[in-house]
Number of protein chains: 2
Amino acid sequence: MLSKTCVETFFTKQMQTYLPHLSVDCVVFGFHDSDLKLLLTKWKHMNIWALPGGYVGRRESLDDAAHRVLRHRTGLRHVHLRQFHTFGTLNRREGSSRKLWDGLGVRAPRDAWPLHRVVSIGYYALVDFSRVRPKADYVSDACTWYPLRDRPMLAFDHDAMVEHALAALRESLDSPTASATLMPESFTMPELQRLHEAILGKPLDRRNFQKRMLERGVLERLPYRRTGGAHRAPFLYRFHSRLRRAGL
Amino acid sequence: MLSKTCVETFFTKQMQTYLPHLSVDCVVFGFHDSDLKLLLTKWKHMNIWALPGGYVGRRESLDDAAHRVLRHRTGLRHVHLRQFHTFGTLNRREGSSRKLWDGLGVRAPRDAWPLHRVVSIGYYALVDFSRVRPKADYVSDACTWYPLRDRPMLAFDHDAMVEHALAALRESLDSPTASATLMPESFTMPELQRLHEAILGKPLDRRNFQKRMLERGVLERLPYRRTGGAHRAPFLYRFHSRLRRAGL
């Protein structure tokens, strides 16, 4: 149950701990097998879905704020978040902010900045959704994965944020460095292809894909194969060590 | 001569017109023939160089703020500015802000936010430096082009901003859409190559470059040639109309 006092102190005391008019929003894409999903939170007592977001502390960097907000709002830790764009049109939250606080039963002062203009720094990540268990926080009724292409309409300008993040994610496929952070330690060529297909939203030719990936010179074929499937065991690959990162 | 009153009202009245803790900074690359330069301003009464930057008005979008700041601080108009990254570490302006206002002879209140943390949204642009005449504003001693690789050390984290913007500019060369905004209406293949070489900081093979550019299928050869040079008149090209933009 939501503590009213807890939320009301937000406007009197907690607001002093945040930089005014600034927030971060996280577009977390979830991938598993061939499926691309999006992590959404549902506002308490309302049928409104939104990206997990929050304010920026006066004593934390933007990157730290994004990680903290994602952890607090969804339970996700150790996620490789990448900043992609800052959203700062005049009317990007118009009307909706008041609705959010009203729904929480909070009487926000008329001049409180969260009711007015907020510039938001967008971060995106790609995680294996089968490996994480999202958890709703105290201002949400739910925190869950939705199919990217079959999601509810989102609050504020969050739909535009998702499209922008998806464009950034697609561009990142061109760079071998970025792709290395998106895959587990070792993977098969069909697995890598399914990732690219899900993100690009279209099927790719198997031979061309394999050729293009190998030409980049960043993949290393491992001396063993994936076993246990119905088909002939496929080769396993990994990215050259200088490209591997924390990743999934 | 700088009006002291003019700057002092900044802290009492003008600060109300800006969003607190937020600024924009513009990395303007200048290109002409084979030369890549950077547009810098010199702080009044100090030997400190910086990118042209300024605060974000409460009633203007981030993009509008970037255009206004660039116009006011350098005189440049109708520049195609692209947002590339937002800089928000904790200590990015530490110490330097006080120096700036002291140098201007302005007694800023100790708790004034421009003396403390400011998150800055970076924009970059590429212009033909032979076509614009930068003009210093009232808080600068100079506003001038510097060779990119032979520039003075910059204030705050502006050197890191320049490197970040240069990386974004280099990446933009991979996208035909972005390149189209960087060239004049019609150009020769050697002109396009010189642009790429200046931005990448290395010479490119003429035949490979031409082949790669033509393979993209976005260039159209015009039915006339550039004349007047000492060499054989080269073909003129332009980007297909759907790719042309305001550009230079």
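Residues numbered from 1 in each chain as written. Chains lettered and ligands numbered in written order. Predicted model: local features only at pLDDT ≥ 70, side-chain atom pairs only at ≥ 80, totals over all residues.

J.: When you look at the overall build of chain A in this model, what are you seeing that I'm missing?
T.: Each helix and strand counted, chain A has seven helices and ten strands in total. Evaluated residue by residue, chain A yields a buried proportion of 32% over its 248 residues. (Helix = DSSP H or I, 4+ residues; strand = E, 2+ residues; numbered from the N terminus. Buried ≥ 20, exposed ≤ 12 C-beta atoms within 10 Å, placed from the backbone.)

J.: How do you make sense of the relation of the copies chain B and chain A when you look at a structure like this?
T.: The pair of chain copies shares a relation made of a rotation about an axis and a shift along it. You can overlay chain B on chain A at an RMSD of 0.0 Å; the transform is a turn of 180 degrees with a shift of 0.0 Å along its axis. This pairing of chains is accounted for by a two-fold axis. Take the interface residues of chain B: 100% of them recur as interface residues in chain A, which is what a same-surface contact looks like. (Least-squares fit on C-alpha atoms with pLDDT ≥ 70 in both. Contact = placed C-beta atoms within 7 Å.)

J.: Explain the packing of helix α6 (residues 189-200) of chain A against helix α7 (residues 206-215) of chain A to me, please; I cannot follow it from the model alone.
T.: Helix-helix packing is characterised by the crossing angle of the two axes and by the distance between the axes. Residues and elements named next belong to chain A. At their nearest, the axes of α6 and α7 sit 11 Å apart, and the two run at 100 degrees to each other. Taken together, the axes of α6 and α7 lie roughly perpendicular to each other. Where α6 abuts α7, its residues M189, L192, Q193 and H196 lie against R206, F209, Q210 and M213. Taken together, the residues that form the contact of α6 with α7 break down as four nonpolar, three polar and one charged. (Axes fitted to C-alpha atoms, helices over the stretch in contact; angles between N-to-C directions. Parallel < 35°, antiparallel > 145°, perpendicular 65-115°, else oblique. Nonpolar A, V, L, I, M, F, W, Y, C, P; charged D, E, K, R; others polar.)

J.: Help me understand the sheet that holds strand β10 (residues 235-239) of chain B, please; the structure alone is not making it clear to me.
T.: Working definition: the strands of a sheet are paired by backbone hydrogen bonds and lie parallel or antiparallel to each other. Residue and element names in this part refer to chain B. What the three strands build is an open sheet, ordered β8-β10-β9; its pairing is antiparallel. The open sheet has two edge strands, β8 (187-188) and β9 (219-225), and neither has a second partner. Pairing analysis gives four bridges linking β9 to β10, with the strands arranged antiparallel. Note on β10: the bridge partner recorded for R221 is Y237. (Pairing = 2+ DSSP bridges.)

J.: I'm lost on unusual backbone geometry in this one. Help?
T.: Negative phi values dominate among residues other than glycine, just as trans dominates among peptide bonds. Residues and elements named next belong to chain A. A positive phi angle is found at H78, which is not glycine, with a value near 55 degrees. Within the secondary structure, H78 is located in the loop between α2 (62-74) and β5 (82-87). Its 10 C-beta neighbours within 10 Å are what place H78 among the exposed residues.

J.: Would you take a moment to explain the interface of chain B and chain A for this structure?
T.: Quite often, the size of an interface is put as the accessible area lost when its parts meet. The interface of chain B with chain A comprises 18 residues on the first partner and 18 residues on the second. Ranked by residue count, the leading element in the side of chain B that touches chain A is strand β1 (residues 18-32) of chain B, at four residues.

J.: How do you make sense of the nonpolar core when you look at a structure like this?
T.: Generally speaking, nonpolar side chains in soluble globular proteins are found buried as a group. Among the nonpolar cores identified, the biggest contains 92 residues, and C26 and F29 of chain A together with C26 of chain B are the most heavily contacted of them. Sequence-distant contacts of C26 of chain B, that is, excluding residues within four places in its chain, are made with L51, P52, G53, A66, V69, L70, L81, Y123 and A125 of chain B. (Core = buried A, V, L, I, M, F, W, Y, C linked by C-beta atoms within 7 Å.)

J.: When you look at the environment of T86 of chain B in this model, what are you seeing that I'm missing?
T.: Structurally, T86 of chain B can be placed in strand β5 (residues 82-87). Considered as a pair, T86 of chain B and V119 of chain B are 33 residues apart in the sequence and their alpha carbons are 7.2 Å apart. Discounting residues that sit within four places of it in the chain, T86 of chain B has contacts with L62, Q83, T86 and I121 of chain A together with V119, I121 and G122 of chain B.

J.: Looking at this structure, how should I read the domain arrangement of chain A?
T.: Residue and element names in this part refer to chain A. Once the domains are mapped, chain A shows domain 1 (4-172) and domain 2 (176-243). Domain 1 and domain 2 are separated by 32 Å when their C-alpha centres are compared. Of the residues lining the interface, ten residues belong to domain 1; the matching set on domain 2 comes to nine residues. At the level of secondary structure, the elements contributing two or more residues to the side of domain 1 that touches domain 2 comprise β2 (35-43) and α4 (158-172). The element best represented in the side of domain 1 that touches domain 2 is α4, accounting for three residues. (Domains from an automatic or database assignment.)

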